[in-house]
Amino acid sequence: SSGINAEYGGEVAERLAHIILPLFDPSFPTPAPIETYEIPKLVKPKTVFAILPGGYHYLHVARPQPLVDLETAMLDPNYGRELITGDKDSGYFRLHLNQYHSVETVTCLAKSAFDVSNICQLYGLHQQFMNSLEERFDSGLISDFFAYFKEPWSLLLYHDRFSELRSEIMELLCQPNQPGEESLSEKVCQMVDEDLTVEEKTKTALLQEYSTSLAKTAVENRLFSYLSYNKYHLPHYAGQNMA
């Protein structure tokens, strides 16, 4: 018979261990009284993987929050959209993008094994990181997400330092051109706070400002430095001398 296994993100376990370890090891500082702890804000996704009866491989990656049935969740005007390829026979792959066009849920069901670790890395990524995912999907260029996320361009998504690169780029975008000026990141955040729908002329103005900013040069230099340092793991990407 087929066994069923599940793996869950260890964020809760890590925090619990941090609290109770001092109770068993006197070398650790005495923990604060339990009533002083605030409700933790979890960041890592909930991840469930199982091999189901019939030999189906199942994966579900989702935001850490109380369970809500799908029909109720989809009634929320800020739910976003679903992108789905295949079915249970050919391989079912569902991505839920939130209102910010970032991956909030991944669900896979397939007869054949797939790379669970790599697929889990898609959680939280903006669709632009995934080779303009929405545009390609809406144009009918993607018929199988399992195959799509095995293409050479996707290697960067699974690299162990990719999250660090994204954080560093965000820090660069948070730096103003001149002291006292608003950074590009601050301007974008202000616009999104006012209205999630940004007019095309505003987007064009932001892109024009970015193209002449110090941030653009800094981001490009950091990206090329990253690709150069990791060229043996990421050989499919053009370096600075080729771009």
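The structure under discussion appears in the preceding block.
Residues numbered from 1 in each chain as written. Predicted model: local features only at pLDDT ≥ 70, side-chain atom pairs only at ≥ 80, totals over all residues. Heavy atoms only, no water.

Novice: So what exactly am I meant to see when it comes to the nonpolar core here?
Specialist: Within the largest apolar cluster, 34 residues are counted, with the highest numbers of intra-cluster contacts made by Phe93 and Phe149. Elements that contribute at least two residues to this core include exactly strand 2 (56-62), strand 4 (92-97), strand 5 (103-110), helix 3 (116-120), helix 5 (145-148), helix 6 (162-173) and helix 9 (214-229). The element that contributes the greatest number of residues to this core is strand 5, accounting for four residues. Ignoring anything within four residues of it in the chain, the contact list for Phe93 reads Leu83, Ile84, Thr85, Val106, Thr107, Cys108, Ile119, Leu122, Phe145, Phe146 and Phe149. (Core = buried A, V, L, I, M, F, W, Y, C linked by side-chain atoms within 4.5 Å. Buried < 20%, exposed > 50% of the residue type's maximum accessible area, 1.4 Å probe, protein only. Helix = DSSP H or I, 4+ residues; strand = E, 2+ residues; numbered from the N terminus. Contact = heavy atoms within 4.5 Å.)

Novice: Honestly, the packing of aromatic side chains in this entry has me stumped. Any pointers?
Specialist: The geometry of two aromatic rings is summed up by the distance between their centres and the angle between their planes. What the rule picks out here adds up to twelve aromatic pairs. Each ring, one from Phe49 and one from Phe114, has its centre 6.5 Å from the other, and the planes form 85°; the classification is edge-to-face. Residue Phe49 is located in strand 1 (residues 46-52), and its partner Phe114 is located in the loop between strand 5 and helix 3; the two are separated by 65 residues in the primary sequence. Each member of the pair Phe49 and Phe114 is classed as buried. Taken together, the aromatic side chains of Phe49, Phe93, Phe114, Phe137, Phe145, Phe146, Tyr148, Phe149 and Trp153 make up a single cluster linked through ring pairs. Here the guanidinium or amino end of Lys111 rests over the ring plane of Tyr56, the centre of that ring lying 4.7 Å away. In this arrangement the basic side chain of Arg166 is found over the ring face of Phe129, its NZ or CZ atom lying 5.8 Å from the centre. (Phe/Tyr/Trp six-rings, centres within 6.5 Å; stacked < 30°, edge-to-face > 60°. Lys NZ or Arg CZ within 6 Å of the ring centre and 35° of its normal.)

Novice: Before we go on, may I ask you to explain the pattern of salt bridges in this structure?
Specialist: Considering all chains together, one arrives at eight salt bridges under this definition. The partner of Asp138 in a salt bridge is Arg81, and the shortest N-O contact between them spans 2.8 Å. Of the two residues, Asp138 is situated in helix 4 (residues 133-138) and Arg81 in strand 3 (residues 81-85); the sequence distance between them amounts to 57 residues. For Arg81, a relative accessible area of 28% corresponds to the partly exposed category. Put simply, Arg94 and Glu82 hold a salt bridge, and the shortest N to O gap is 2.8 Å. (Salt bridge = Lys/Arg side-chain N within 4 Å of Asp/Glu carboxyl O.)

Novice: When you look at the pairing of strand 3 in this model, what are you seeing that I'm missing?
Specialist: For a regular strand, side-chain orientation follows a simple rule: the groups alternate between the two sheet faces. Taken together, the five bridges between strand 3 and strand 4 define a ladder with antiparallel strand orientation. Bridging from a neighbouring strand, Ile84 pairs with Arg94 of strand 4. A loop of six residues connects strand 3 with strand 4, the two strands running antiparallel in sequence, and Gly86 in this loop sits at a positive phi of about 75°. (Pairing = 2+ DSSP bridges.)

Novice: Help me out: how do you make sense of the sheet that holds strand 1 in this one?
Specialist: Strand pairing within a sheet occurs via backbone hydrogen bonds; the two strands may be parallel or antiparallel. Pairing is antiparallel across the open sheet formed by five strands, whose spatial order is 1-2-5-4-3. Each edge of the open sheet carries a strand with a single partner, namely strand 1 and strand 3. On average, adjacent strands in this sheet sit at an angle of 10° to one another, irrespective of strand direction. As judged from the six bridges shared by strand 4 and strand 5, these two strands associate in the antiparallel manner. In the strand pairing of strand 5, Leu95 is matched with Val106. (Axes fitted to C-alpha atoms, helices over the stretch in contact; angles between N-to-C directions.)

Novice: Explain unusual backbone geometry here, please?
Specialist: Apart from glycine, the bulk of residues carry a negative phi angle, and the bulk of peptide bonds sit in the trans form. The phi dihedral of Asn131 is positive, around 60°, even though this residue is not glycine. Structurally, Asn131 can be placed in the loop between helix 3 and helix 4. The backbone phi angle of Ser132 is positive, close to 55°, even though this residue is not glycine. Relative to the helices and strands, Ser132 resides in the loop between helix 3 and helix 4.

Novice: Looking at this structure, I do not really get helix 9. What am I missing?
Specialist: Helical geometry note: an α-helix holds 3.6 residues per turn, so side chains three or four residues apart project in the same direction. Spanning 16 residues, helix 9 covers 23 Å between terminal C-alpha atoms, matching the ideal 22 Å at 1.5 Å per step. Of all the positions in helix 9, only Ala215, Val219, Phe224, Tyr226 and Leu227 are classed as buried. Summarising the axial view, the buried residues of helix 9 lie within an arc of 160°, below the 170-degree limit, and thus occupy one face. Residues of helix 9 that are exposed and point over 90 degrees away from its buried face: Leu214 and Tyr229. Its buried side turned inward, helix 9 meets helix 6 and helix 8 (200-211). (Expected span 1.5 Å × (residues − 1). Arc of directions from axis to C-beta.)

Novice: Whenever I open this one, a nonpolar patch on the surface confuses me. Can you help?
Specialist: There is a patch of nonpolar side chains on the surface, built from Leu16, Ile20, Leu23 and Phe24 and spanning about 450 Å² of accessible area. Along the chain, Ile20 falls in helix 1 (residues 11-24). When its relative accessible area of 34% is taken as the criterion, Ile20 is described as partly exposed. (Patch = residues over 30% accessible without salt bridge, like charges linked within 9 Å, V, L, I, M, F, W, Y side chains within 5 Å. Areas by Shrake-Rupley, 256 points an atom, 1.4 Å probe, with all protein chains shown as cover.)

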